[in-house]
Amino acid sequence: MKFKIDNLQYCKWSRKVFEINREAGLDAVHVTIVYHEDFDELQNEISKWQTLLKENSDLIFLGQSFKDIEKANNENKTAIFFGFQNCSPIEDDINLVEKVHSLGCRFMQLTYNNQSLLATGCYEKNDSGVTNFGREVIREMNRVGIVVDMSHSAEKSTFDAIEFSEKPIAITHANPSFWHAAKRNKSSELLKTLSESGGILGLSLYPHHLKDNTNCSLESFCEMVAKTAEIMDINNIGIGSDLCLNQPDEVVEWMRNGTWSKNKNYGEGSKNKPGFPKQPNWFEDARGFKNLEAGLKKVGFSETETNGILGNNWYNFYKTI
């Protein structure tokens, strides 16, 4: 069966976005529902999603396992999988790992740029690796069925997570640093280790992670995918677009600053360009999957390999959760 999966979106959710995802043929989308929120704030976000799911039940439903990807494909709907871009909802209580799983969480980053109670973020100067609490949380995430996501984590911490996790981990939205040396992009050595452990990389379409930013060409992106496939097994590569569709700039301010800083933090942006960057014209929304399909085939990927990158590889990874 042929699946299409975008394993990271953070949009201003509306029926229009769900319709676009259906037009793109997406069977599953892993959505970010929190960044810096604590457990109580998480429940507010889940309440909002319960309304969205009810009001748009002809288009979407809450995904729990890989079986729901099959269901979505059969019913012409999109399965929505919840993910956290930080570990803040579990606070300092390991019992909350099982609780957030029961609420639908299937992916959780150990860090979001900064040092957390679990590991070190990619914006810290010193990477001390996964902490004692982090080891315990990884063990619990493995037990209940939440994927360890190291997209915003520093290098040693990511190597540690691969080593400590009994299940394959994910880097849901990042690119190789050999192509573009953004702080969040990953080294070839790390990607090789990720692949050898059975982990998976979701390649990002967020302009700050792209060579030439908004002006990145489809050809350049697809050539990067081909070179990445020389480092990693092709079956361990997917798409995690990191698409932030229709969001106002105050949202990116929340992502970068949360409640931890009184100073203005521009993250991957700058004082001159503080807001969301413009998407490349070949991936303005999920309908860009069509362009990706054509571009991947043009650089030499077979039909089977292309289908793998655009969804089937993620589907197979979901079987390990």
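As shown above, the structure is provided for reference.
Notes on the structure follow. (Residues numbered from 1 in each chain as written. Predicted model: local features only at pLDDT ≥ 70, side-chain atom pairs only at ≥ 80, totals over all residues. Heavy atoms only, no water.)

A few points about a negative patch on the surface
Step number 1: Residues Asp38, Asp40, Glu41, Glu91 and Asp92 make up a contiguous surface patch of negative charge.
Step number 2: One can find aspartate 40 in helix H2 (residues 39–55).
Step number 3: Since its relative accessible area comes to 53%, aspartate 40 is described here as exposed. (Patch = residues over 30% accessible without salt bridge, like charges linked within 9 Å, V, L, I, M, F, W, Y side chains within 5 Å. Areas by Shrake-Rupley, 256 points an atom, 1.4 Å probe, with all protein chains shown as cover. Salt bridge = Lys/Arg side-chain N within 4 Å of Asp/Glu carboxyl O. Lys, Arg positive; Asp, Glu negative; His and termini not counted. Charge placed at Lys NZ, Arg CZ, Asp CG, Glu CD. Helix = DSSP H or I, 4+ residues; strand = E, 2+ residues; numbered from the N terminus. Buried < 20%, exposed > 50% of the residue type's maximum accessible area, 1.4 Å probe, protein only.)

A few points about the pattern of salt bridges
Step number 1: Considering all chains together, one arrives at 16 salt bridges under this definition.
Step number 2: A salt bridge links lysine 4 to glutamate 293; its shortest N-O distance comes to 4.0 Å. Placement of lysine 4 in the segment before strand S1 (5–9) and of glutamate 293 in helix H10 (residues 289–298) is noted, with a sequence separation of 289 residues between them.
Step number 3: Residue glutamate 293 is classed as buried on the basis of its relative accessible area of 14%.
Step number 4: Here glutamate 75 makes a salt bridge to lysine 77, at a shortest N to O gap of 3.8 Å.
Step number 5: In this structure glutamate 75 comes out as partly exposed when scored by relative accessible area, which is 38%.
Step number 6: Residue classification places lysine 77 among the buried residues on the basis of a relative accessible area of 19%.

Quick look at unusual backbone geometry
Step number 1: Look at asparagine 76: it is not a glycine, yet its phi comes out positive at around 60 degrees.
Step number 2: Tracing the sequence through the fold places asparagine 76 in the loop between helix H3 (66–75) and strand S4 (78–84).
Step number 3: Asparagine 76 sits in the exposed class, given a relative accessible area of 53%.
Step number 4: Even without being a glycine, aspartate 242 presents a positive backbone phi close to 60 degrees.
Step number 5: Its location among the elements puts aspartate 242 in the loop between strand S9 (237–239) and helix H9 (249–257).
Step number 6: Looking at aspartate 242, the relative accessible area reads 5%, which means it is buried.

Quick notes on the nonpolar core
Step number 1: Core analysis: the biggest nonpolar cluster contains 73 residues, and Trp13, Ile33, Trp49, Ile90, Met108, Leu110 and Phe221 have the highest contact counts within it.
Step number 2: For this core, the element with the most residues is H2, which contributes six residues.
Step number 3: Leave out the neighbours within four places in its chain, and isoleucine 90 touches Leu96, Val97, Val100, Met108, Leu118, Phe133 and Val137.
Step number 4: Ranked by size, the runner-up nonpolar core spans 16 residues in total, among them Phe61, Ala72, Phe107 and Ala170. (Core = buried A, V, L, I, M, F, W, Y, C linked by side-chain atoms within 4.5 Å. Contact = heavy atoms within 4.5 Å.)

With respect to empty space enclosed by the protein
Step number 1: In this structure the tally under the stated criterion is three cavities of 30 Å³ or more.
Step number 2: One number sums up the size of the largest cavity: a volume of about 140 Å³.
Step number 3: For the largest cavity, the lining is made up of 16 residues, of which Tyr112, His152, Tyr206, Met255 and Glu268 are closest to its centre.
Step number 4: Of the residues belonging to the lining of the largest cavity, the class tally is six nonpolar, six polar and four charged.
Step number 5: When its volume is computed, the second largest cavity comes out at roughly 60 Å³. (1 Å grid on protein atoms, 1.4 Å probe; cavity = no way out; pocket = protein on both sides within 12 Å on 5 of 7 lines; lining within 4 Å. Points joined across faces, edges and corners; volume = space filled by probe spheres on them. Nonpolar A, V, L, I, M, F, W, Y, C, P; charged D, E, K, R; others polar.)

Quick word on the packing of aromatic side chains
Step number 1: Applying the stated criterion across every chain yields a total of 15 aromatic pairs.
Step number 2: For the pair tyrosine 10 and tyrosine 35, a centre-to-centre distance of 4.8 Å together with 75 degrees between the ring planes defines the contact as edge-to-face. Here the residue tyrosine 10 occupies a position in the loop between S1 and helix H1 (15–23), and tyrosine 35 occupies one in the loop between strand S2 (28–34) and H2, the gap between them amounting to 25 residues. Accessibility assignment for this pair places tyrosine 10 and tyrosine 35 in one class, buried.
Step number 3: Between tryptophan 314 and phenylalanine 317, the ring centres sit 5.7 Å apart and the planes meet at 85 degrees, which makes this aromatic pair edge-to-face. (Phe/Tyr/Trp six-rings, centres within 6.5 Å; stacked < 30°, edge-to-face > 60°.)

Some thoughts on helix H4 (residues 95–102)
Step number 1: What H4 keeps buried is the set Leu96, Val97, Val100 and His101. For H4, the angular spread of the buried residues around the axis is 145 degrees, confining them to a single face. Looking at H4, the residues exposed on the side facing more than 90 degrees away from the buried face are Asn95 and Ser102.
Step number 2: Along its buried surface, H4 packs onto H2, S4, strand S5 (105–109) and helix H5 (132–144).
Step number 3: Positive backbone phi, approximately 115 degrees, marks glycine 104, located one or two places after H4. (Arc of directions from axis to C-beta.)

Brief notes about the layout of surface pockets
Step number 1: Taken as a whole, the largest pocket spans an internal volume of roughly 290 Å³.
Step number 2: The wall of the largest pocket is formed by 16 residues, among which Tyr10, Cys11, Trp13, Glu45 and Gln247 lie closest to the centre.
Step number 3: Among the secondary structure elements, those contributing two or more residues to the lining of the largest pocket are S2, H2 and H9.
Step number 4: Of the residues in the lining of the largest pocket, the class split is nine nonpolar, two polar and five charged.

All we've got here are geometric facts, nothing functional implied.
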